[in-house]
Amino acid sequence: MRLIKFLIAIIFIGFMISCSSEGDVGGEGAEHSESKDTRVRKYNLAVEEKESVSRTPCDTIALREYIIDNYPAGEYLVKFDRTFTYNVPKEAVLYHKGSDGTTYIFAVIAKSKPGERFIEADNVTGFESSFINLDSTKLGTAFFFLTLFECKDNMFERLWEAEVPIHGGFNSMTLKTWKDKRTPYIELNYEAGIISGHRNYNYFFVDGLRNPPHLMETYLGIVHKRIMADVNNDRYPDYFEYRFEESPDIIRVIDSIPFYWDSTKQLYKTKVNSRWFRYY
C-alpha cells in the first residue's frame, strides 16, 4: 500500500513539473523570453481586433501590429497614465494631418535595456514608477523614445526617433506651440516623485516636422524650477533656471539664471558662469 502511495506521489510530481515546463519556456516568463513575449502581445492584439467596433487605416491597432512585427521583443508602445481610478488608459499616440494630406503619428515607445528582463509598460507609467530612476534593474530599465511615423495606405514608415533622458514616470504627451517664435513642439510630461513635481521634455520642430527635433527640458518641484524663455532671440528655445534658499522655516527663490542654446557647441550655456552648461 505504501509503495502504491509512493508511486502515485512520484507520478503527481512528474505531472506538475511537466505542466510547469509547458507553461514556462525554459523556466522563463514573458519578461525573459522573446518568443513568449511576442506570442502574448499578438494574442492580446488579436482579441482587441476581434472586439473592435470600427477600424480605420493607420489606426492605433495597426500601429501596434507594426511595432510587434518590426521592433525587437521588449519594446512597447506606451500608454498614457490613468486620469481617473477606473478609466482605461489609451496608447500614447497623437495624430497630425500634414498640409499635403499625409498622416503623421507621434508615438512614445519604451525599449528594454539589453541583457536585463523585459520591462512591463505598467511599470514605467505614473507617479510610483518615477522612483524607478533610483534603481530600475529589478523591473528592467526603460529607454523612452518619441517617434514620428508617416502612414500611407496602412503602411508605416519611421521618420525619426528621439531619446527621452528618463527611465520612468510617463504621464502624457501634448502638441503645443511656442508662442514667441510660433514653433510647434511636443511636450512629454513625466511625474517626478524625486523632486516632488514633474518634468517636461519639450521637442521643438525648428527644422520642420520631418527632421529630428530639438530637446529642451523644463521642470517644477518644491525646490526645483526651470521655465521656458527667449533669452537671445534666435530660433531655439531657452530657459531660466531658478535657485532656491531652503530651510526648516522658509523656501524662497534667490536667483534665476538665463541659459541660451549655443548651436556651435550644441550646449545650453549661461553668461553667469562659463563653466556651467547643460545638454538640454
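Since this is a predicted model, take the numbers as computed values, not measurements.

Let us look at the pattern of salt bridges. Evaluated as defined, the whole model comprises 18 salt bridges. Measuring nitrogen to oxygen at the nearest pair gives 2.6 Å for the salt bridge that ties R117 to E120. Judged by relative accessible area, which is 15%, R117 ranks as buried. Relative accessible area serves as the criterion here: at 38%, E120 is assigned to the partly exposed category. Among the salt bridges present, the one from E161 reaches R158, with a minimum N-O distance of 3.5 Å. For E161, a relative accessible area of 30% puts it in the partly exposed group. Among the residues examined, R158 registers a relative accessible area of 41% and is labelled partly exposed. One salt-bridge network, in which partners are shared between bridges, spans E48, R64 and E91.

This paragraph deals with the pairing of strand β2 (residues 93-97). The side chains of a regular strand alternate, residue by residue, between the two faces of the sheet. Sheet analysis places β2 next to strand β3 (residues 103-112), joined by five bridges and oriented antiparallel. Across the sheet, L94 pairs through a bridge with F106, a residue of β3. A loop of five residues connects β2 with β3, the two strands running antiparallel in sequence, and G101 in this loop sits at a positive phi of about 90°.

Following the criterion strictly, the structure yields 20 aromatic pairs and no others. Between F149 and F156, the ring centres sit 6.4 Å apart and the planes meet at 85°, which makes this aromatic pair edge-to-face. Across the pair, F156 and F149 agree in class, each one buried. An aromatic cluster is defined as three or more aromatic residues linked by ring pairs; in this entry it consists of F80, F144, F170, Y190, Y201 and Y280. Above the face of the F145 ring, K111 is positioned so that its terminal group lies 4.4 Å from the ring centre. The ring of W276 is capped by R243, whose NZ or CZ atom sits 4.6 Å from the centre of that ring.

In this section: helix α2 (residues 34-51). With 18 residues, α2 should cover 26 Å at 1.5 Å per step; its first-to-last C-alpha distance of 26 Å lies within 8% of that length. Taken together, the buried positions of α2 are K36, D37, R41 and L45. Viewed end-on, α2 has its buried residues packed into an arc of 165°, placing them on one side of the element. Turned more than 90 degrees away from the buried face of α2, the exposed residues are Y43 and K50.

This brings us to the nonpolar core. Counting residues in each nonpolar core, the largest one holds 29 residues, and the members touching the most others are V108, F144, F170, M173, L188 and Y190. Elements supplying a minimum of two residues to this core: β3, β4 (142-152), β5 (155-164), β6 (170-178), β7 (183-192) and β8 (197-204). When residues no more than four places from it in sequence are discounted, the contact partners of Y190 are V108, F144, V164, I166, G168, G169, F170, N171, H198, R199 and Y201. The next biggest cluster of nonpolar side chains, apart from the first, holds 14 residues, and it includes I67, V93, C151 and F156.

We now examine the side chain of N200. Locating N200 in the fold gives a position in strand β8. A polar contact is formed between the side chain of N200 and the side chain of N189, at a distance of 2.8 Å. In contact with N200, not counting residues within four places along its chain, are E187, L188, N189, M216, E217 and T218.

Our focus in this paragraph is the sheet that holds strand β13 (residues 267-269). The nine strands are arranged β6-β7-β8-β9-β10-β11-β12-β13-β14 in an open sheet whose pairing can be described as antiparallel. Looking at which strands have only one partner, the edges of the open sheet turn out to be β6 and β14 (277-278).

We now examine the environment of S52. Among the structural elements, S52 can be located in the loop between α2 and α3 (60-70). Within the local environment of S52, its side chain forms a polar contact with the backbone oxygen of S54, the two atoms lying 3.1 Å apart.

This part is about the pairing of β5. Here β4 pairs with β5 via nine bridges, running antiparallel. Residue pairing for β5: F145 is matched across the bridge by E163. Count of turn residues in the β4/β5 antiparallel hairpin: two residues, of which D153 carries a positive phi of about 55°.

Looking at the largest pocket, its volume works out to about 800 Å³. Broken down by secondary-structure element, the contributors of at least two residues to the lining of the largest pocket are α2, α3 and β1 (75-77). Ranked by residues supplied to the lining of the largest pocket, first place goes to α2 with five residues. Here the residues of the lining of the largest pocket sort into twelve nonpolar, two polar and twelve charged. Counted as a void, the second largest pocket has a volume near 200 Å³. Along the walls of the second largest pocket sit E48, E51, S52, V53, S54, R55, T56, D59, T60, I61, R64 and E91, which together make up its complete lining. For the lining of the second largest pocket, the elements supplying multiple residues, two or more each, are α2 and α3. The element best represented in the lining of the second largest pocket is α3, accounting for three residues.

What counts, and where the lines are drawn
Residues numbered from 1 in each chain as written. Predicted model: local features only at pLDDT ≥ 70, side-chain atom pairs only at ≥ 80, totals over all residues. Heavy atoms only, no water. Salt bridge = Lys/Arg side-chain N within 4 Å of Asp/Glu carboxyl O. Buried < 20%, exposed > 50% of the residue type's maximum accessible area, 1.4 Å probe, protein only. Pairing = 2+ DSSP bridges. Helix = DSSP H or I, 4+ residues; strand = E, 2+ residues; numbered from the N terminus. Phe/Tyr/Trp six-rings, centres within 6.5 Å; stacked < 30°, edge-to-face > 60°. Lys NZ or Arg CZ within 6 Å of the ring centre and 35° of its normal. Expected span 1.5 Å × (residues − 1). Arc of directions from axis to C-beta. Core = buried A, V, L, I, M, F, W, Y, C linked by side-chain atoms within 4.5 Å. Contact = heavy atoms within 4.5 Å. Polar contact = N/O pair within 3.5 Å; in protein donor to acceptor, adjacent residues only side chain to side chain. 1 Å grid on protein atoms, 1.4 Å probe; cavity = no way out; pocket = protein on both sides within 12 Å on 5 of 7 lines; lining within 4 Å. Points joined across faces, edges and corners; volume = space filled by probe spheres on them. Nonpolar A, V, L, I, M, F, W, Y, C, P; charged D, E, K, R; others polar.

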